[in-house]
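Remarks on the overall topology
One-letter residues, chain by chain:
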Amino acid sequence: MKRFIYIITDRNRNNLHVGLCSDLVKTLKFYSDMPTLFFDSAQQLNRLVYFEEINNEDMAMERFKFVSTFTRSQKEKMIRSVNADWVDLTIGLKYEQGIRTRTYVRPSFASRMQKATA
C-alpha cells in the first residue's frame, strides 16, 4: 500500500510539519477543514511544499521517523532540492486527482461526436 511523507507549512513558512498518510488528498482536505488544529488562525498549515510516495509501509515509517528528526535547516534544504520556490503543491495534486476520476466526456463534445458519426 502506498504511503506519503509530506511537509506542510503556513503562508509565512514559520512552521514546518512532517506527516505520514495513505491518502494525501484526504489529509490535505482535513487540514483545510480543521485550520486551527495545530496552531492559531494566523499560522494555518495550508501549503504543501514537499512529499514523497513510498510503496512499502515499513520503509515509509522508517523514512518518516528519519525526516522527523531533521532540524529546520535540513528540512528547508530537502524542500528546496525539489521545490526551490516553495510553491504550493496542492494545486497539482487536485488537478491530477481530477484527471484520474474523470470518466465522462463533456456533453457538448459528446453530442457533436454523435452527430458526426450519424
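Scope of this entry: the structure provided in the associated data block. Fair warning: this is a prediction, and the values are worked out from it, not measured in the lab.

1. Brief notes about the pattern of salt bridges
If you walk through the whole model with that rule in mind, you get six salt bridges. Among the salt bridges present, the one from Lys2 reaches Glu53, with a minimum N-O distance of 3.6 Å. Taken together, the positions of Lys2 in the segment before β1 (3-9) and Glu53 in strand β3 (residues 47-54) put the pair 51 residues apart, joining distant regions of the chain. Here Lys2 falls in the partly exposed class, since its relative accessible area comes to 40%. The salt bridge partner of Arg72 is Glu76, with a shortest N-O separation of 2.8 Å. Of this pair, Arg72 and Glu76 both sit in helix α3 (residues 72-82), four residues apart, which is roughly one turn of the helix. Among the residues examined, Arg72 registers a relative accessible area of 34% and is labelled partly exposed.

2. Focus on the packing of aromatic side chains
How two aromatic rings sit relative to each other is given by the distance of their centres and the angle of their planes. Evaluation of the coordinates by the stated rule reveals four aromatic pairs. With a centroid separation of 6.3 Å and an interplanar angle of 70°, the aromatic rings of Phe30 and Tyr31 are classed as edge-to-face. On the basis of relative accessible area, Tyr31 is assigned to the buried category, the value being 7%. Taken together, the aromatic side chains of Tyr6, Phe30 and Tyr31 make up a single cluster linked through ring pairs.

3. Topic: the sheet that holds strand β2 (residues 16-21)
Here we have three strands laid out as an open sheet, ordered β2-β1-β3, and antiparallel in their pairing. Looking at strand neighbours, the two that pair on one side only are β2 and β3, the edges of this open sheet. In this sheet, adjacent strand axes meet at a mean angle of 20° when their direction is disregarded. In the packing of helix α1 (residues 24-33) onto the sheet, contacts are made with β1, β2 and β3, and the angle to β1 comes to roughly 30°. Across the sheet, helix α2 (residues 57-68) is in contact with β1, β2 and β3; its angle to β2 comes to roughly 170°.

The rules behind the values
Residues numbered from 1 in each chain as written. Predicted model: local features only at pLDDT ≥ 70, side-chain atom pairs only at ≥ 80, totals over all residues. Heavy atoms only, no water. Salt bridge = Lys/Arg side-chain N within 4 Å of Asp/Glu carboxyl O. Helix = DSSP H or I, 4+ residues; strand = E, 2+ residues; numbered from the N terminus. Buried < 20%, exposed > 50% of the residue type's maximum accessible area, 1.4 Å probe, protein only. Phe/Tyr/Trp six-rings, centres within 6.5 Å; stacked < 30°, edge-to-face > 60°. Pairing = 2+ DSSP bridges. Axes fitted to C-alpha atoms, helices over the stretch in contact; angles between N-to-C directions. Contact = heavy atoms within 4.5 Å.

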